[in-house]
Amino acid sequence: MTVISGALTVLLPGVDEWMTYGAGESFDVAGQASFKAKTDIDTAYLCTYE
């Protein structure tokens, strides 16, 4: 997932700490996995599947 604008705070599977990703940053989530996300500002993101 790539953050296009704003900032996205996520709790990824197997990680105990929330991480914040800003515009231009990206992170990976394994297929069939779930994660939590939150934001305090307008945010746009792009999901790509491989």
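Not measured: the values here are computed from a predicted model. (Residues numbered from 1 in each chain as written. Predicted model: local features only at pLDDT ≥ 70, side-chain atom pairs only at ≥ 80, totals over all residues. Heavy atoms only, no water.)

(A) Molecular detail of the overall build of the chain. Each helix and strand in the chain was counted, giving zero helices and five strands. Taken from N to C terminus, the helices and strands of the chain fall in the order β-β-β-β-β. Here the chain has a C-alpha radius of gyration of 10 Å; the compact-globule value for 50 residues is 10 Å, and the two agree. Expressed as a percentage of the 50 residues in the chain, the buried residues total 20%. Of the contacts made within the chain by residues no fewer than 6 positions apart, 48% connect residues no fewer than 24 positions apart. Within the structure as shown, the chain displays about 3,900 Å² of accessible surface, and the carbon and sulfur contribution to it stands at 49%. (Helix = DSSP H or I, 4+ residues; strand = E, 2+ residues; numbered from the N terminus. Rg over C-alpha atoms; globule rule 2.2 N^0.38 Å. Buried < 20%, exposed > 50% of the residue type's maximum accessible area, 1.4 Å probe, protein only. Contact = heavy atoms within 4.5 Å. Areas by Shrake-Rupley, 256 points an atom, 1.4 Å probe, with all protein chains shown as cover.)

(B) Geometry of the environment of Leu12. Position of Leu12 relative to the elements: it lies in the loop between strand 2 (7-11) and strand 3 (19-22). The contacts of Leu12, once residues within four sequence positions are left out, are Tyr21, Phe27, Asp28, Val29 and Phe35.

(C) Structural detail: the sheet that holds strand 2. Here three strands make up an open sheet; going across it, the order is 3-2-4 and the pairing antiparallel. Of all strands in the sheet, those bounded by a partner on one side alone are strand 3 and strand 4 (36-38). Here the strands of the sheet are splayed against their neighbours by 30 degrees on average, with no regard to which way each runs. As judged from the four bridges shared by strand 2 and strand 3, these two strands associate in the antiparallel manner. Counted as the bridge partner of Thr9 is Thr20 from strand 3. (Pairing = 2+ DSSP bridges. Axes fitted to C-alpha atoms, helices over the stretch in contact; angles between N-to-C directions.)

(D) Examining the layout of surface pockets more closely. As a volume, the largest pocket reaches approximately 360 Å³. Around the largest pocket sit 14 residues that line it, and Met1, Asp28, Val29, Thr48 and Tyr49 are the ones nearest its centre. When its residues are assigned to classes, the lining of the largest pocket shows eight nonpolar, four polar and two charged. (1 Å grid on protein atoms, 1.4 Å probe; cavity = no way out; pocket = protein on both sides within 12 Å on 5 of 7 lines; lining within 4 Å. Points joined across faces, edges and corners; volume = space filled by probe spheres on them. Nonpolar A, V, L, I, M, F, W, Y, C, P; charged D, E, K, R; others polar.)

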